[in-house]
Amino acid sequence: MTPSVVTLAGGVGAAKLLTGLIRAHPPDDQLAVVNTADDAVLHGLHVSPDLDTVVYTLANAVNPDAGWGLAGETWQAMDALDRYGGITWFRLGDRDLATHLYRTHRLGQGADMATITAEIAAAWGLELAVVPVTNDRIETRVTTIDEGEIGFQDYFVRRRHDVAVTAVRVAGSESAKPAPGLIEALATAKQIVIAPSNPIVSIGPVLEVPGVREAVAARRDAVVAVSPIVGGVALKGPADRLMRELGHESSAVGVARLYRDVAATLVIDETDAHLADSVESAGMACVVAPTIMDGVESSIALAQVVLGCTTHKAHR
Ligand code: FO1
């Protein structure tokens, strides 16, 4: 596995950028390395939201309104579960359930997450390689003021990320091993992309798997990140609030301070053009471009900017 482009990915924002990247550069020359710290076990089933969001989106099968789950989904299993008072706050559609049944069955057979993910991606016809950052179980745990430490989906979905947070940790990361071939892929890639995903709970866990941060930092000049914060707010999810609560500035400059040790270049949105000098003072080359991806064309345009970043470093 020697892909030229390796993308570190969370869920929805990463899937949108990858939609452009696979059209701007040959998909079979790319690898997506996906966060699994927001995985959850529900009804005994292993659910991998970020992996599935990436696969479904690139297969053109994602629910376009939610950004996760499958388009045209039905919810009969959830309705039936409701009868028993089962867990229904985390909505698993009828067709989506098949993915979790398959993954859980294969895990039970002893297959590892990288193998199962490759099988799922191939079944959906994906040409780029998709790997979980690790085959080992890592789990984002969120400390809230009112309830102490809770699981990530408890925080994100059940509490609608509307609770004050004092700490985030990735349980299991200390002993996790990078997915097979990942460190080599990072060492040989022509470009490493950090997708516009949540820096704390999506990209954070990817970098926390021992060896990954060091491998990315060793290629710093070839690393381009896209800011998920535009005009001080996250386009989706709680990145802005989490950054503030954990003591970071919720802005492209705050993102630059989080990434400057691992990435040389930050792509920020046109809205934030006035922050370009501050991003550079924080230690990153800054590229200003439209970063809001509201369709395939804008995803391709942003992908082209990202792919061009290592050749012309600062451009505004
Ligand atoms: N997000 C929600 O806001 N509500 C849900 O009920 C929900 C269910 C769900 C099922 C499968 C899946 O792959 C993703 C799902 N998500 C849901 C999204 C998920 O919680 C988040 O997108 C990620 O974990 C954050 O990256």
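Structure: see above.
Please read these numbers as outputs of a predicted model, since none were measured by experiment. (Residues numbered from 1 in each chain as written. Predicted model: local features only at pLDDT ≥ 70, side-chain atom pairs only at ≥ 80, totals over all residues. Heavy atoms only, no water.)

Novice: Is there a simple way to think about the sheet that holds strand 14 (residues 285-289) in this case?
Specialist: In a beta sheet, neighbouring strands pair by backbone hydrogen bonds and run either parallel or antiparallel. If you trace the 7 strands from one edge of the open sheet to the other, you get 5-2-1-9-10-13-14, paired in parallel fashion. Whereas interior strands pair on both sides, the edge strands pair on one side only; in this sheet they are strand 5 (129-132) and strand 14. This sheet shows a mean twist of 20 degrees between the axes of neighbouring strands, independent of strand direction. As judged from the 5 bridges shared by strand 1 (residues 5-9) and strand 2 (residues 30-34), these two strands associate in the parallel manner. The partner of Val 6 across the bridge, within strand 2, is Leu 31. Its contacts with the sheet place helix 11 (residues 252-259) against strand 9 (191-194), strand 10 (223-226) and strand 13 (265-269), and it is angled at close to 160 degrees to strand 13. (Pairing = 2+ DSSP bridges. Helix = DSSP H or I, 4+ residues; strand = E, 2+ residues; numbered from the N terminus. Axes fitted to C-alpha atoms, helices over the stretch in contact; angles between N-to-C directions. Contact = heavy atoms within 4.5 Å.)

Novice: Which parts of the structure should I look at to understand unusual backbone geometry?
Specialist: Most peptide bonds adopt trans geometry, and most residues besides glycine take a negative phi value. Backbone geometry at Arg 160 places phi at a positive 50 degrees, although glycine is not the residue there. Position of Arg 160 relative to the elements: it lies in the loop between helix 6 (152-158) and strand 8 (165-171). Its identity is not glycine, yet His 161 carries a phi of approximately 40 degrees, on the positive side. Tracing the backbone shows His 161 in the loop between helix 6 and strand 8.

Novice: Would you mind showing me how to read the packing of helix 1 (residues 12-24) against helix 13 (residues 296-308) here?
Specialist: The angle between the axes and the distance between the axes are what describe a pair of packed helices. Axis separation between helix 1 and helix 13 bottoms out at 7 Å; the angle between their running directions is 70 degrees. With respect to helix 13, the element helix 1 is oriented roughly perpendicular. Facing Lys 16, Leu 17, Thr 19, Gly 20, Leu 21, Arg 23 and Ala 24 of helix 1, the residues of helix 13 in contact are Val 296, Ser 299, Ile 300, Leu 302, Ala 303, Gln 304 and Leu 307. (Parallel < 35°, antiparallel > 145°, perpendicular 65-115°, else oblique.)

Novice: How should I be thinking about the sheet that holds strand 6 (residues 139-144) in this particular structure?
Specialist: The antiparallel open sheet is built from 3 strands, whose spatial order is 7-6-8. Whereas interior strands pair on both sides, the edge strands pair on one side only; in this sheet they are strand 7 (148-151) and strand 8. Strand-to-strand twist across the sheet, computed as the mean angle between neighbouring axes with direction ignored, equals 25 degrees.

Novice: I would appreciate a short explanation of the layout of surface pockets in the present structure.
Specialist: Rolled over the atoms, a probe as big as a water molecule pinpoints where empty space is left. Each pocket or cavity is described by its volume, and for the second largest pocket that value is around 240 Å³. Lining the second largest pocket are 13 residues, with Pro 199, Ile 200, Gly 204, Glu 208 and Arg 213 positioned closest to its centre. At the level of secondary structure, the elements contributing two or more residues to the lining of the second largest pocket comprise strand 8, helix 8 (203-208) and helix 11. It is helix 8 that provides the largest number of residues to the lining of the second largest pocket, a total of 4 residues. (1 Å grid on protein atoms, 1.4 Å probe; cavity = no way out; pocket = protein on both sides within 12 Å on 5 of 7 lines; lining within 4 Å. Points joined across faces, edges and corners; volume = space filled by probe spheres on them.)

Novice: Would you take a moment to explain the nonpolar core for this structure?
Specialist: Buried together is how nonpolar side chains tend to be arranged in soluble globular proteins. Counting 55 residues, the largest nonpolar core has Leu 8, Val 33, Leu 186, Ile 194, Val 212, Tyr 259 and Val 279 as its most contacted members. For this core, the leading source of residues is helix 11, giving 5 residues. Setting aside chain neighbours within four positions, we find Val 279 in contact with Ala 252, Val 253, Ala 256, Leu 266, Ile 268, Met 284 and Cys 286. Ranked by size, the runner-up nonpolar core spans 35 residues in total, among them Ala 9, Val 54, Ala 111 and Ala 289. (Core = buried A, V, L, I, M, F, W, Y, C linked by side-chain atoms within 4.5 Å. Buried < 20%, exposed > 50% of the residue type's maximum accessible area, 1.4 Å probe, protein only.)

Novice: What am I meant to see in helix 1 here?
Specialist: Since the α-helix advances by 3.6 residues per turn, residues separated by three or four positions end up pointing in the same direction. For helix 1, which comprises 13 residues, the first-to-last C-alpha distance of 19 Å matches the rise-based estimate of 18 Å (1.5 Å per residue) to within 8%. Buried residues of helix 1: Val 12, Ala 14, Ala 15, Leu 17, Leu 18, Thr 19, Gly 20, Leu 21 and Ile 22, and no others. Its buried side turned inward, helix 1 meets strand 1, strand 2, helix 2 (49-58), strand 9, strand 10 and helix 13. (Expected span 1.5 Å × (residues − 1).)

Novice: Would you mind going over the site of the ligand with me for this structure?
Specialist: Close to the ligand lie 13 residues; Asp 38, Asp 50, Phe 90, Arg 91 and Gln 153 are nearest. At 2.7 Å from an oxygen atom of the ligand is found a side-chain nitrogen or oxygen belonging to Asp 38. Between the ligand and the protein, one listed contact pairs an oxygen atom with a side-chain N or O atom of Gln 153 at 2.7 Å. About the coverage of the ligand: the protein hides 88% of its 540 Å² of free accessible area. Breaking the shell around the ligand down by element, the ones donating at least two residues are helix 2 and helix 6. (Near = heavy atom within 4 Å. Polar contact = N/O pair within 3.5 Å; in protein donor to acceptor, adjacent residues only side chain to side chain. Areas by Shrake-Rupley, 256 points an atom, 1.4 Å probe, with all protein chains shown as cover.)

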